[in-house]
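Survey of secondary and tertiary structure
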Amino acid sequence: MTLIDQRLQQIFREAFEDDKLTLNDSLSPETFPAWDSLGHVKLIMGCEEEFGVKFTIEETIESTSVAQLKATLAAKGAGR
Amino acid sequence: MHTVSLELALLQFGDPPYSAATISELWELASSRETACAAAEFLRLEHMAGAIASTNAEAALDLAARLEPARGDCGCWLRASLLEACGRSAEAADALRFLREKYSGEERALLMLAAARNLFASGHANQAWNPLAEACKSSAVPRTLRNAARLLAQARKKTEAPFRRSCRIALLSSVTIDFLAPILKAQCFGAGIDAEIYIGPFNQYEQEIRDPHSGLARFRPEVIAIGTDWRSLGLRDDEESPEEVVRGRCAQLESLWRESRERLGATVIQFNYEAPPFDGLGQLSAALPGGRGRLLRAINVALWEAAGRAPGVAILDVDQIAGRFGKDRWSDPVLWHTAKQYPSAEAMPALGHQLTAMLRAILGLSSKCIALDLDGVLWGGVIGEDGLAGIKLGGGPAGEAFVEFQRYLQSLARTGVLLAVCSKNNPEDAVLPFRQHPEMVLRERDIAVFIANWKAKEENLRAIAAAMNIGLDAMVFVDDNPVERSRVRQNLPEIGVIDLPADPAQYVAAMGRCGLFETLAITSEDRGRTASIRENLERRTLESTSGSVDDYLAQLDIKVQLTPFDEVNLPRIVQLINKTNQFNLTTRRCGDAEVRALRAAGAYTQAMRASDRFGDSGLTGVLIAIPEGGGLRVDTWLMSCRVLGRRLEEVMFGALVRYAAQNKYMYITGEYISTAKNSQVADLYVRLGCAATGQKGESRLFRWDMGRMFLAPAMLVCEDLTQRAGAAV
């Protein structure tokens, strides 16, 4: 597991209050019901705090799977 | 040697899995670093520890063992993180012990949170609550506070958490305020408040308050925070009839306050309005009579005026909180447009901090005393060595910061906070500046208790608390010496300790940020409090020179006045009901609305004032008795600690007995509910001659049957105005 994955997993665990959650790229609001609109804001806030980046409106709306979230973070140069 | 920051050095390690060679490099780096770490570096080390442990637990434990001799902060922390990641929580907690008292601010919060986590995990809950509270007090980062709230919730399922008070708080808002809840919960825990929080549905604050069947009504809030934002006012950039707009918006809120107080019986915290940082009209927005900027300020002033007329309503100055935080960062346009969240995530702790400060004030938990060190706090230098002419005070940049700090303390004292001196000095040196230095702002009369000696500060702090008759948890300790602060923190964890910065120029800000001294109103008793404690100390001198207690009381020349509750004395009565701990039979807290309701329902109400030859102690006793069956039940009875030991309880009870007899009640019942602080009145009713009649729930019950005489002490002159007031006022 890369450090980014490690950090992202921690953000997910905190946002959904689930210490056993394991991160995988297919995780999305469709596959994971706890990922509702409030949960989504928690995730974005968590990523912004953890990686010191700021999401745009577009990025906030589009980052609705782990894969997309990671792509957005990579594009922003987060975690490097 | 270390030319790159630790964070950069750690970044070069890249992603796990790490080879044995890489782990050795990490060991070398972590064990050789001796400089202090920043919060981001702590977090980075924690991630790396987690990554190593999850891929190779053996390597992680091996690295932890090799780090054992490391004494630098980086090495200790990495070791603790590795041990925690491997489930060795007891050892991890132990590894953190050296670090815990070394930091302030966010770093302190992270260390305390880690310590608390590991102590809970290793079954030492009793030692974990204190570091958890310290984490909540130190942090200003949403994530740390959210994690603290989670840990608190998890730990509470297993053991009982220590709280001073509980409070049901409803957050109603025109915006998404859900994210404030966990942060506020953590901050409240830091203040000793068990906050049960209700979040009203988005932008339905008005329906919630008016609908008798709403979720809010079912929640039965003790405090309702109405968090309306400036956008919800719907102001145009330039209004045509500004006065009407201000009046209308204000009247709408006032009607909600009335409903909240009268129907729901709750205290109201109304947020005022931020004047936003950007407006299309620019500076004109405030300059034009109808400009939005001007109107928001006018509405804020009108809200303060309205709250001044409405007891039980306090205004939270959000505009000032936003300004202090920085309005550019106070709102986050992305979060606003995507989630209607306001203020920004990073601003939530600042808002929650001030809200907690106000809750403290409402619940009577604000600190009552500041114990001040002298050298390096009130002046620069050491009076015992540098002498009167050598200390830095006024007369130049270095000395002026101390003058300003003293002025700040003097203003604080005006709100009723008592100042005490707790200094390691020869007493004759310590008083010298107070008596003779021309630049001193504080004088001896401003100091309620003055202690200068060479004893341990803990001992002197206890003596100050005893002289003031207050609990240690009502005290705040201010010292420039980190060693003294750390000692006090460890030995007297109840006391609030200010992390005074090294530069005296920052003292005022450090005090201003602590949020421990908020008050809702200044009563005349607040103004006279220092004089009153000084008089009390003089009384004690008299006590030690006169013979029996009664001789002493006779010499004091005590005069008592008993009156029913009225508009004038009600604010002070509510204040006493909510903060008196020691002489308090039932410790039932209630707000202005509830007291009025009791009075309207025909309760006997008695407010006691006492004066003696040393001064007027003001309104210091409260008694409420409710007619029940053929008798009167004493629902609330308390006395301020500054008038204890003068047999005033007998005067108060005597008046109650008289009233009961005249109004043909058959008996008086009383109850005692034990708390951590009120053991001194456990046998009060028995001492007064009542019969113990058993136990009901947590109450011990007592009864006075009418037809017997009650003799109040003759040397106390009493003017009793409660008799003719009758039952209904």
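Examining the overall build of chain A
On a plain count of helices and strands, chain A comes out with 4 helices and 0 strands. Mapped from its N terminus to its C terminus, chain A presents α and β elements in the order α-α-α-α. Taking 12 Å as the expected radius of gyration for a compact globule of 80 residues, we find that chain A reaches 11 Å, a close match to that expectation. Projected onto its principal axes, the C-alpha coordinates of chain A cover approximately 30 × 25 × 20 Å.

Comments concerning the state of the cysteines
Residues and elements named next belong to chain B. If you walk through the whole model with that rule in mind, you get 0 disulfides over all chains. Its sulfur unpaired, Cys188 is 7.5 Å from the next cysteine sulfur, which belongs to Cys167. Cysteine Cys369 remains unbridged, with the sulfur of Cys422 as its closest cysteine sulfur at 9.4 Å.

Some words on the packing of helix α1 (residues 3-15) of chain A against helix α3 (residues 39-55) of chain B
The geometry of α1 of chain A relative to α3 of chain B is characterised by a closest axis approach of 10 Å and an angle of 105° between their N-to-C directions. The orientation of α1 of chain A with respect to α3 of chain B, classified from their angle, is roughly perpendicular. Together, Leu3, Gln6 and Arg7 of chain A of α1 of chain A and Arg44, His47, Met48, Gly50, Ala51 and Ser54 of chain B of α3 of chain B make up the contact between the two elements. A per-class count over the contact of α1 of chain A with α3 of chain B returns 3 nonpolar, 4 polar and 2 charged.

Details of the pattern of salt bridges
Residue and element names in this part refer to chain B. The final tally for this structure, using the stated rule, is 54 salt bridges over all chains. A salt bridge links Arg633 to Glu671; the shortest N-O distance between them is 3.2 Å. Pair noted here: Arg633 is in strand β15 (residues 631-639) and Glu671 is in strand β16 (residues 667-673), with a separation of 38 residues, a long-range link. A single burial state applies to Arg633 and to Glu671, both of which are buried. Here Glu650 and Arg647 are joined by a salt bridge, their closest N and O atoms 2.9 Å apart. Given the relative accessible area of 23%, Arg647 is considered partly exposed. Overlapping salt bridges bring together Arg108, Glu134, Lys137, Arg485, Arg489 and Asp499 as one network.

A look at the pairing of strand β4 (residues 267-271) of chain B
All names here are of chain B. Along β4, 5 of the 5 residues are buried, which leaves the element largely enclosed by surrounding structure. Because side chains alternate across β4, one face comprises the buried residues Thr267, Ile269 and Phe271, and the other comprises Val268 and Gln270, equally buried. Judged from the 4 bridges that link them, strand β3 (residues 223-227) and β4 form a sheet pairing that is parallel. Its bridge partner lying in β4, Ala225 is registered against Ile269. Read from β3 through helix α13 (residues 242-263) to β4, the crossover connection turns out right-handed.

Comments concerning the confidence of the model for chain B
All names here are of chain B. Across chain B, the average pLDDT comes to 91, with 98% of residues at or above 70. Predicted confidence in chain B is weakest over helix α26 (residues 524-527), with a mean pLDDT of 70, and strongest over strand β9 (residues 475-478), with 98. For this predicted complex, the interface confidence comes out at an ipTM of 0.93, alongside a pTM of 0.78.

Remarks on the sheet that holds β4 of chain B
Residue and element names in this part refer to chain B. The strand order across the open sheet built from 5 strands is β2-β1-β3-β4-β5, with neighbouring strands paired in parallel fashion. With partners counted over all chains shown, the strands left at the sheet margins are β2 (193-199) and β5 (313-316), one partner each. The average angle at which neighbouring strand axes cross in this sheet is 25°, direction not considered. Inspection of the sheet shows strand β1 (residues 165-173) paired to β3 by 5 bridges, in the parallel sense. Following the sheet pairing, Leu171 is matched in β3 by Ala225.

Digging into the interface of chain B and chain A
Taken together, the 28 residues of chain B in the interface contact 28 residues of chain A. Carbon and sulfur atoms make up 58% of the area that chain B and chain A hide from each other, which totals about 2,200 Å². On the surface where chain B and chain A come into contact, there are 5 salt bridges. The shortest N-O distance in the salt bridge between Asp332 of chain B and Lys54 of chain A comes to 2.8 Å. Of all the secondary structure elements, the ones that give two or more residues to the side of chain B that touches chain A are α3, α9 (142-158) and α18 (333-339) of chain B. Tallied by class, the residues present in the side of chain B that touches chain A amount to 11 nonpolar, 10 polar and 7 charged.

Thoughts on the nonpolar core
The nonpolar side chains of a soluble globular protein tend to be buried, and buried together. Formed by 97 residues in total, the largest nonpolar core has its most connected members in Leu132, Trp257 and Ile269 of chain B. Not counting the four nearest positions on each side in its chain, Trp257 of chain B is found in contact with Ile226, Val268, Gln270, Leu303, Ala306, Ala307, Ala310, Val313 and Ile315 of chain B.

Let's talk about the sheet that holds strand β6 (residues 369-372) of chain B
Residues and elements named next belong to chain B. Ordered by their spatial adjacency, 5 strands build an open sheet running β8-β7-β6-β9-β10, and the pairing between neighbours is parallel. The strands lining the two open edges of the sheet, one partner per strand, are β8 (447-453) and β10 (496-497). Relative to β9, β6 runs parallel, the two sharing 4 bridges. Its bridge partner being in β9, Cys369 is matched across the sheet by Met475. With respect to the sheet, helix α22 (residues 427-436) is in contact with β7 (418-424) and β8, its orientation differing from that of β8 by roughly 140°.

A look at empty space enclosed by the protein
Residues and elements named next belong to chain B. One pass over the structure, following the stated rule, counts 3 cavities of 30 Å³ or more. Around the largest cavity, the lining is made up of 14 residues, and of these Gly227, Thr228, Phe271, Tyr342 and Pro343 lie nearest the centre. Residues belonging to the lining of the largest cavity are distributed by class as follows: 8 nonpolar, 4 polar and 2 charged.

Remarks on helix α15 (residues 292-309) of chain B
Residue and element names in this part refer to chain B. An ideal rise of 1.5 Å per residue puts 26 Å on 18 residues; α15 measures up with 26 Å between its terminal C-alpha atoms. Those residues of α15 that sit buried are Arg292, Gly293, Leu295, Leu296, Ile299, Asn300, Ala302, Leu303, Ala306 and Ala307. Along its buried surface, α15 packs onto α13, β4, α14 (284-287), β5 and α16 (318-325).

A few points about helix α19 (residues 348-362) of chain B
Residue and element names in this part refer to chain B. Under the 1.5 Å per step criterion, the end-to-end length of α19 is 21 Å for 15 residues, consistent within 8% with the ideal 21 Å. Most of α19 is tucked away, with 13 of its 15 residues classed as buried. Looking at the residues trailing α19, positive phi occurs at Gly364, about 75°.

As for the packing of aromatic side chains
For the structure on display, the rule yields 24 aromatic pairs over all chains. Ring centres 5.0 Å apart and planes at 85° place the aromatic pair Phe16 of chain A and Phe32 of chain A in the edge-to-face group. Of this pair, Phe16 of chain A sits in the loop between α1 and α2 (37-51) while Phe32 of chain A sits in the loop between α1 and α2, placing them 16 residues apart in sequence. Each of the two residues, Phe16 of chain A as well as Phe32 of chain A, counts as buried. Note on Phe42 of chain B and Tyr103 of chain B: the rings are 5.5 Å apart at their centroids and 70° apart in plane angle, and the pair reads as edge-to-face. With Phe42 of chain B in helix α3 and Tyr103 of chain B in the loop between α6 (89-96) and α7 (105-121), the pair connects residues that are 61 residues apart, well separated along the chain. For the pair formed by Phe42 of chain B and Tyr103 of chain B, the shared burial category is buried. Through successive ring pairs, a cluster of aromatic residues spans Phe583, Trp637, Phe653, Tyr685, Phe702, Trp704 and Phe710 of chain B. Its guanidinium or amino end placed over the ring of Trp336 of chain B, Lys340 of chain B lies 5.0 Å from that ring's centre, counting from NZ or CZ. The aromatic ring of Tyr667 of chain B is capped on one face by Arg703 of chain B, whose charged end is 4.0 Å from the ring centroid.

Calculation notes
Residues numbered from 1 in each chain as written. Chains lettered and ligands numbered in written order. Predicted model: local features only at pLDDT ≥ 70, side-chain atom pairs only at ≥ 80, totals over all residues. Heavy atoms only, no water. Helix = DSSP H or I, 4+ residues; strand = E, 2+ residues; numbered from the N terminus. Rg over C-alpha atoms; globule rule 2.2 N^0.38 Å. Disulfide = S-S within 2.5 Å. Axes fitted to C-alpha atoms, helices over the stretch in contact; angles between N-to-C directions. Parallel < 35°, antiparallel > 145°, perpendicular 65-115°, else oblique. Contact = heavy atoms within 4.5 Å. Nonpolar A, V, L, I, M, F, W, Y, C, P; charged D, E, K, R; others polar. Salt bridge = Lys/Arg side-chain N within 4 Å of Asp/Glu carboxyl O. Buried < 20%, exposed > 50% of the residue type's maximum accessible area, 1.4 Å probe, protein only. Pairing = 2+ DSSP bridges. Right-handed = clockwise from strand over helix to strand, strands pointing away. pLDDT = per-residue confidence, 0-100. Buried area = accessible area lost by both parts, 1.4 Å probe. Core = buried A, V, L, I, M, F, W, Y, C linked by side-chain atoms within 4.5 Å. 1 Å grid on protein atoms, 1.4 Å probe; cavity = no way out; pocket = protein on both sides within 12 Å on 5 of 7 lines; lining within 4 Å. Points joined across faces, edges and corners; volume = space filled by probe spheres on them. Expected span 1.5 Å × (residues − 1). Phe/Tyr/Trp six-rings, centres within 6.5 Å; stacked < 30°, edge-to-face > 60°. Lys NZ or Arg CZ within 6 Å of the ring centre and 35° of its normal.

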